[in-house]
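Listed below are the residues making up each chain.
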Amino acid sequence: MANHKSDILIIGGGIAGCIAAISLVDNYHVIMIDTLSEPQDRIGESLAPTAQRILRQLDLLKGMEDVIHNNEPMYFKNKGMQSHWGSEQIHIIDHLSNPDGSVLNLNRKAFETYLRTVAIQRGVQCIWPAKLASQAYENPHWHIVAKDHKHKTYNLTARFVIDATGRQSHFARKQGVKRHHIDQLIACWATISDHQQNKMSRISASENGWWYSAVLPNNKRVLAFHTDSDLMDRKAMQDADCFLALAQSNPVMKSVLEKALGDIELHGIVAANSTCSQQVAGQQWAVLGDAAISFDPLSSQGMFNAMASAIQLKELINKFDVVNHPNTKNRHQFETDYTKQINQIWLHYLTHKDHYYRQEKRWKESVFWKRRH
Ligand SMILES: Cc1cc2nc3c(=O)[nH]c(=O)nc-3n(C[C@H](O)[C@H](O)[C@H](O)COP(=O)(O)OP(=O)(O)OC[C@H]3O[C@@H](n4cnc5c(N)ncnc54)[C@H](O)[C@@H]3O)c2cc1C
């Protein structure tokens, strides 16, 4: 058994957790735990241009250029996207006039590993693997128990807890906070080798959902089909041949596959629906990133939101001094302001999402599209 005391405990060492830890560690003793001993390969590679402002502000951008992962750079600058949405015509969405530059197509595992490494270098006490097991508040401290795979127990005491556990929002759920689910979107994804000259991402609507494809820095291309969980034959989607056949039925994915070399690697099905936590802050705790609000991948804003909300959370923690002076007034103002900020982002996101889905009107009888109109 190991005992550790901190000002702030962050549960979840993904992008939200790491950016919060890196921005808070100058002023507080921060402990961060994660159930995974190292980040995993996962879908979600396109980092919105604006995110580079945050990376620069935290002195993280330069270091990303130097990271070589398995002989490949951590990212490459994406020239743009070919969109087949709403009509048969192709629309090119490029970033040439964007003052923040290009979308960065990340090796996601390398990026998350880098953030974890920097967090340790800057003084965050990181404990992994360690999974949240139980929690109890005894004024003015949280007492958290976390366990590793071999049941080693960590007793963690903190003045403030940040739940950055992603869509599961484990800490908030244990507090009895429910999640609101807007839809049932899921994504089935695979990777293939890619040696095409055209490195643009592709998005293409189809009768029962939509396809997405983007190039990764390691000459692989992600292919993902998004639909509602009740409209997908899960068994078929666990079979590479069935997935390939479905991809071939979409003309845009068919053209991508024509230039692919070697076998397809099917990675599985993940939740991709829009969800939000019904409460985002409480007695000396807050939820962050996907744990607070999770976006439809159509937006490509999940990572940026995780980073931007981490900076906003840090600013409010400092402004209302809720770690050192958690009196009723400070706590109330903190909870009100943080809730307001997250609600604003959520409402803005929902408006944009609806607007985008409503542009696709080609399949009037399709259940998938009817649900979104
Ligand atoms: C199909 C798909 C495609 C996407 N594509 C993009 C994209 O192109 N661009 C983009 O910006 N975003 C994309 N996203 C969204 C993006 O991946 C998320 O918004 C982002 O990962 C959120 O980061 P996070 O740190 O909040 O959560 P997560 O990345 O989920 O991290 C949570 C961390 O908490 C840890 N954890 C969980 N439970 C516990 C526990 N009980 N105890 C301890 N640790 C725990 C996990 O191991 C994990 O490391 C996509 C999402 C999906 C589903």
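Above this text sits the structure in question.
What counts, and at which threshold
- Residues numbered from 1 in each chain as written.
- Predicted model: local features only at pLDDT ≥ 70, side-chain atom pairs only at ≥ 80, totals over all residues.
- Near = placed C-beta within 6 Å.
- Helix = DSSP H or I, 4+ residues; strand = E, 2+ residues; numbered from the N terminus.
- Buried ≥ 20, exposed ≤ 12 C-beta atoms within 10 Å, placed from the backbone.
- Pairing = 2+ DSSP bridges.

Turning our attention to the site of the ligand. Not every one of the 37 residues close to the ligand is listed here, only the nearest: Gly12, Gly14, Gly166, Gly289 and Gly302. Those elements giving two or more residues to the shell around the ligand turn out to be helix 1 (15-24), strand 3 (46-47), strand 11 (131-138) and helix 8 (302-319).

Before going further, it helps to examine the pairing of strand 9 (residues 103-106). Burial along strand 9 is two-sided: Val103 and Asn105 facing one way and Leu104 and Leu106 facing the other are all buried. Bridging between strand 3 and strand 9 involves two bridges; their strand directions are antiparallel. By the bridge assignment for strand 9, Ser46 is matched with Asn105. Where strand 6 (residues 75-78) and strand 9 come together, four bridges link them in antiparallel fashion. Pairing of Phe76 across the sheet is with Asn105, part of strand 9.

Following Trp128, the chain continues into Pro129 via a peptide bond in cis, with omega recorded as 0°. Following the sequence through the fold, Pro129 ends up in the loop between strand 10 (125-127) and strand 11. Between Asn139 and the following residue, Pro140, the backbone shows a cis peptide bond with an omega angle of 0°. Tracing the backbone through its elements, the reader meets Pro140 in the loop between strand 11 and strand 12 (141-147). Although it is not a glycine, Asp321 adopts a positive phi angle of roughly 50°.

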